[in-house]
Amino acid sequence: MPALHRRRAPMHEINIVPYVYVMLVLLVIFMVTAPLVTPGVIGLPSVSKASNAPVAPLEVVIRESGALLLRSRDAKGALTEERRIARGDLARAIRERQAKNPQQPVLIAADKDVRYEAVLQVMDELHKQQVRRVGLLVKPAK
């Protein structure tokens, strides 16, 4: 009779086989349905070519020596003015030009050997002086 009175000890192992089966079934379901789901297609509106010529941007050129030049071009891209300008006068001169035409963008063109810090200082100064529409001028790769 001693065998009848033995208590069952609690199980200390977890059977993970059913969990593995469930995960494999889910994996198969996702693999089968993934190619069938089509991504959302967005129909973008189209517009005709703008009748107004875009405004030629002002260019702030930063030389390797740290000198700043302010260039302006006409609508065809021909250089109309290029003058050396002090860092302190740069934002004022750009704001005067943008007062005449608020949509005129400003592009910073730096020589490839100019320190990154010099470009950031010019951008920061323009930002502090509330100059809008500032970007970087780059040469497209061939």
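Along each chain, residues carry numbers from 1 onward, in the same order as the chain's sequence is written. Restriction of local features to residues with pLDDT of at least 70 applies here, the model being predicted, together with a cutoff of 80 or more for giving and counting side-chain atom pairs; totals for whole chains, interfaces and linings are based on all residues. The side-chain numbers reported here are obtained from all heavy atoms of the structure, hydrogens and water having been left aside.

(A) Representation of the pattern of salt bridges. What makes a salt bridge here is a side-chain nitrogen of Lys or Arg within 4 Å of a carboxyl oxygen of Asp or Glu, nothing more. Following the criterion strictly, the structure yields nine salt bridges and no others. Salt-bridge contacts for Glu59 lead to Arg73; the nearest nitrogen and oxygen are separated by 2.8 Å. Remark: Arg73 occurs in strand S2 (residues 68-73) and Glu59 occurs in strand S1 (residues 58-62); sequence separation between them is 14 residues. On the basis of relative accessible area, Arg73 is assigned to the partly exposed category, the value being 27%. Note that Glu96 is salt-bridged to Arg92, the shortest N-O span being 3.1 Å. Each helix is a run of H or I in the DSSP string that is no shorter than four residues. Each strand is a run of E no shorter than two, and both are numbered from the N terminus. The cut-offs for exposure are 20% and 50% of the maximum accessible area for each residue type, with area from a 1.4 Å probe on protein chains only; residues under the lower value are buried, those over the upper are exposed, and the others partly exposed.

(B) View of the nonpolar core. The definition of a nonpolar core used throughout is a set of buried Ala, Val, Leu, Ile, Met, Phe, Trp, Tyr and Cys residues joined through side-chain atoms within 4.5 Å. Membership of the largest hydrophobic core comes to 18 residues, with the highest contact counts inside it found for Val60, Leu70, Leu90, Ile94, Val122 and Leu126. Every element with two or more residues in this core is listed here: S1, S2, helix H2 (87-100), strand S4 (106-110) and helix H3 (116-128). Residues contacting Leu90, with those up to four places away along its chain left out, are Val60, Leu68, Leu70, Ile85, Val122 and Leu126. What makes two residues a contact is simply this: any of their non-hydrogen atoms within 4.5 Å.

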